[in-house]
There are 2 protein chains.
Amino acid sequence: MLALMMDRALNLPSILEYAAAYHGDREVVTRTVEGPIHRYGYKDALVRAKQMANALIDMGVKPGDRVATLAWSTHRHFELYYAVSGIGAILHTINPRLHPDQIAWVANHAEDSVLMFDISFGELVSELAPKLATVKTFVAMTDRAHLPPEAPAGTLVYEELIAAHSPEFVWPELDERQASGLCYTSGTTGNPKGVLYGHRSTVLHAMALVQPDAFDLSARDTVLPCAQMYHANAWCTPYAAPLVGAKLVLPGRQLDGPSICELAVAEQASFLLGVPTIWVGVLDHLDQTGQRLTCVRNVAIGGSAPTAALMRRVEDQLGATVRQIWGMTETSPMGVINTALPAHAGEDEDAAYARKLKQGRGLWGVEMRIMGDDGTVQPRDGASVGALQVRGPWVSSAYFKNEGAEVFLDDGWFDTGDIATIDPEGYLRLTDRAKDVIKSGGEWISTLDLEDAVSSHPAVAMAAAIGVPHPKWDERPLLLVVLRPGHTAEPEALKAHVAERVAKWWTPDEVRIVAELPIGPTGKVLKRELRD
Amino acid sequence: MLALMMDRALNLPSILEYAAAYHGDREVVTRTVEGPIHRYGYKDALVRAKQMANALIDMGVKPGDRVATLAWSTHRHFELYYAVSGIGAILHTINPRLHPDQIAWVANHAEDSVLMFDISFGELVSELAPKLATVKTFVAMTDRAHLPPEAPAGTLVYEELIAAHSPEFVWPELDERQASGLCYTSGTTGNPKGVLYGHRSTVLHAMALVQPDAFDLSARDTVLPCAQMYHANAWCTPYAAPLVGAKLVLPGRQLDGPSICELAVAEQASFLLGVPTIWVGVLDHLDQTGQRLTCVRNVAIGGSAPTAALMRRVEDQLGATVRQIWGMTETSPMGVINTALPAHAGEDEDAAYARKLKQGRGLWGVEMRIMGDDGTVQPRDGASVGALQVRGPWVSSAYFKNEGAEVFLDDGWFDTGDIATIDPEGYLRLTDRAKDVIKSGGEWISTLDLEDAVSSHPAVAMAAAIGVPHPKWDERPLLLVVLRPGHTAEPEALKAHVAERVAKWWTPDEVRIVAELPIGPTGKVLKRELRD
């Protein structure tokens, strides 16, 4: 017997319609690519999203078509999130920091019919254009005055499209399982894989994100995502913020410390998020200026594991609480997030950071299991290590065009490629990416633990542990360290510092001080390059 | 093109499975009907829910069958919430405070095949049994020692069923649109109407409930619903609390002030909810004992509109923030809830209570419109009055067996029967139930405003305004007032008090002091009886 409740599809336009109706003057603030700060209310964003929806339809975009963006976090990108998905087409957010050959590859693989790009990518797009087999229309996300001269001939101008189209538009009724977005993730092997989000999965994920034990967002918050909108949808904040009527601050292309701090103070941001390397820049800037970001209540750190030292500095210097989050493009991205349980009330500082060092605890919606080498589900004892597998309504079931199908298991679980434990309280602790594992004498050494150990040294800004071949032990750890500006430390002193904090046989044979670490397009350290 | 995200059905067993796996020792505490306090963890609740699932199947309960309860808020009722819905059957929570003839009517209308009842209803059930045409199995929700002697012959004993069945059970795969619960609501005219909840609607509603701008629930909360589990599912807290791992405190049958205060203090409840009359009892008890409930963070008040005076007392004497909530059985029940917007930061006390007197502001999920007498949607100006209509994924689309179809409009909206305004900030303000309206000289007089005006007098405990026929004005208001214990006031003084606070022509022709007001089965004042 079916329930007698309204059969209302979960869809993305309903979020912007809600924000426009109930929080119409609540602002979306952007540091534009052209330079100035732009601000308007959700009701203005809805009007322009509808104008763009009409423009897309005029352009010949049909339901299911892919519309690509090469764009930073801006109000125009925000409008496209709703306009493209809202007409039933699919927003393909391309990471512009990929190699141009890779960009061409993903655009062709996705069969994008339209490419919208920010003015900083004029040259890149002109280089790409001849290689893009399916793109029929180029749109520069700017006004006529700022159209880059090198843009392909016939490039349309975003503001002209808006001006030329009516704001009268009724969103079509969409099946909630319909695809809404496409985001490629770089695999360890082979070509990038496309994650195909849907209206339902995205709405459910946004509802989960706003809960007190996740991002804790209300109408009184101001959200500043220090993650680009091409990086797992800026962790879904362009959906979660309007869902509750929070103010949304989009930092454009500038994620450096001074730019973020300036924007956070000017707009009184209460919630920030980003990868660990972002916070290194923010903290250095705060160090230099003696400033504190007292408006910030919570900071979510994910993308790769922050060290305890980094989290301590963020909490001290921002006066905010850090919530570590773990997820992947394939998990929309939230998998787990770290908040306290009642048992942790009154925990001392060391205990708090030991807990915060875990990637987070499971929330309703994403089920997890740890699969041992022997094919059995491992106990949640905080010690048994295995492959982390997940499932849930906002987890991928396949990659676009069925690439890389081996990670989607026959019994319906997704194999994340992470190696982890889960403790009795339900906290996930990654020990490694499967590909990063150091196996020495048949036993795993956790690169994350080594990096965390050395990072507690006051002179250390960043660290990366990798395995190097060893005739006897197969592999031994090598620890690469970047020092903080104005600090010095001897490799042997750092080695001794680590030795005090990890098992004897884990202590790296060598600590090497380097000027910088190679950072990939999503802000993670590229260990593959280090090993090379 | 469909998304490539996992097609995981939203279902109720997943909530208890989650709580058991991640918050297994987090307690469900019950003041049992037998007397003692019972406590166990979510993992124990899951074991027993699975045992009961096996028992139900053994009893011959099939998917779609209705299993009725006549039961208070207890751990056994909690287990049935999951066991009955989890096997695909439908939990029909009967309000035991209905007239026995009405109980028999709804049980027959629902075609209940099983009736589970608390020991306090032994006599009632023995009286009902001959009238129940479809009930084949009676189960007393107790152990053998407490089986009421007057229970029908062959009545099974809940604890024996649990003991006799295995905890090994795999929940069947359920269509998320499948019905999970049935709750009748008393109509203004005609027979009670059955609201048929589903797995999807209930999960989405629970996800919405936990957000910061609704009940604001995390794993660190302790939830004490002072609403019975037969009353709109105790406002869905038996689903929302385990969804986030909050502790759940179930007050059994005792919703009097001393019992609630004792439980709240003993279990350190952080979130309470209930109808206005509940708080009158709680406040009187606190007055008498000089106690304060410092553990409480938020109190939700709904079911009928609280006066500003009541909210002030709750905030003063509990040290908690009041969130008024409006909803109906047909809205699962949350429609709107009252939390502040950024514009209200720093509002003074009078402004705060003027705002809190509104029923709440719209959250994503429930759309609202005000329909004028002329069939046009009214502006959100805080002044234009009309019929409140709503729609959303947790709003009824029809009543069971298609009773009362006239409130489900052809264009997909539900006509709530309330008369309301919506202001530019999105706050809903009820002026009346459609049936309660006083129309004097062709103009509406708000009964809620009259009740609120007189309630600000320190001697007033409760008030009810009704319309009485008048030869010239059609109707004129009559105000019935119950005084607080130990207080006195003259009717003329109360009339003068009201006259200072409302439009001149709204001032009631008469204020009458009465010993008590008739309270209906859900805690609301029965105005129909007053008019009679």
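Since the model is a prediction, treat every value here as computed from it, not as a measurement.

In this section: the overall build of chain A. When its secondary structure is counted, chain A shows 16 helices and 25 strands. The C-alpha atoms of chain A give 23 Å as radius of gyration, which agrees with the globular expectation for 532 residues (24 Å, within 12%). Along the longest, intermediate and shortest principal axes, the C-alpha atoms of chain A span 70 × 60 × 50 Å. Expressed as a percentage of its 532 residues, the buried residues of chain A come to 64%. When the accessible surface of chain A is split by element, carbon and sulfur atoms take 51% of a total near 18700 Å². Of the side-chain charges in chain A, 48 are positive and 66 negative, and the distance between the mean point of each set is 1 Å.

Residues and elements named next belong to chain A. Taken as a whole and judged by the stated rule, the model has 23 aromatic pairs over all chains. Both rings, one in Y18 and one in Y22, keep their centres 5.1 Å apart while their planes meet at 25°; by these two values the pair is stacked. Taken together, the positions of Y18 and Y22, both in helix 1 (residues 13-22) and 4 residues apart, correspond to about one turn of that helix. Neither residue differs from the other here; Y18 and Y22 are each classed as buried. One aromatic cluster is present, formed by Y42, F78, Y81, Y82 and Y239 through successive ring pairs. In this arrangement the basic side chain of K358 is found over the ring face of Y427, its NZ or CZ atom lying 5.5 Å from the centre.

Right, let's get into the sheet that holds strand 8 (residues 179-185) of chain B. Residue and element names in this part refer to chain B. Taking strand neighbours across the sheet as the criterion, the 7 strands line up as 7-6-5-3-4-8-9 in an open arrangement whose pairing is mixed. In the strand order of this sheet, the two ends are held by strand 7 (156-157) and strand 9 (193-198), each with one partner. Most of the contacts of helix 7 (residues 199-209) go to strand 9, to which it runs at about 75°, and overall it touches strand 8 and strand 9.

Time to look at the side chain of T137 of chain B. Residues and elements named next belong to chain B. With respect to the secondary-structure elements, T137 resides in strand 6 (residues 137-140). T137 gets classed as buried once you look at its relative accessible area, which sits at 14%. Not counting residues within four places of it along the chain, the set of residues in contact with T137 comprises M59, S113, V114, L115 and L156.

About the thresholds
- Residues numbered from 1 in each chain as written.
- Chains lettered and ligands numbered in written order.
- Predicted model: local features only at pLDDT ≥ 70, side-chain atom pairs only at ≥ 80, totals over all residues.
- Heavy atoms only, no water.
- Helix = DSSP H or I, 4+ residues; strand = E, 2+ residues; numbered from the N terminus.
- Rg over C-alpha atoms; globule rule 2.2 N^0.38 Å.
- Buried < 20%, exposed > 50% of the residue type's maximum accessible area, 1.4 Å probe, protein only.
- Areas by Shrake-Rupley, 256 points an atom, 1.4 Å probe, with all protein chains shown as cover.
- Lys, Arg positive; Asp, Glu negative; His and termini not counted.
- Charge placed at Lys NZ, Arg CZ, Asp CG, Glu CD.
- Phe/Tyr/Trp six-rings, centres within 6.5 Å; stacked < 30°, edge-to-face > 60°.
- Lys NZ or Arg CZ within 6 Å of the ring centre and 35° of its normal.
- Pairing = 2+ DSSP bridges.
- Contact = heavy atoms within 4.5 Å.
- Axes fitted to C-alpha atoms, helices over the stretch in contact; angles between N-to-C directions.

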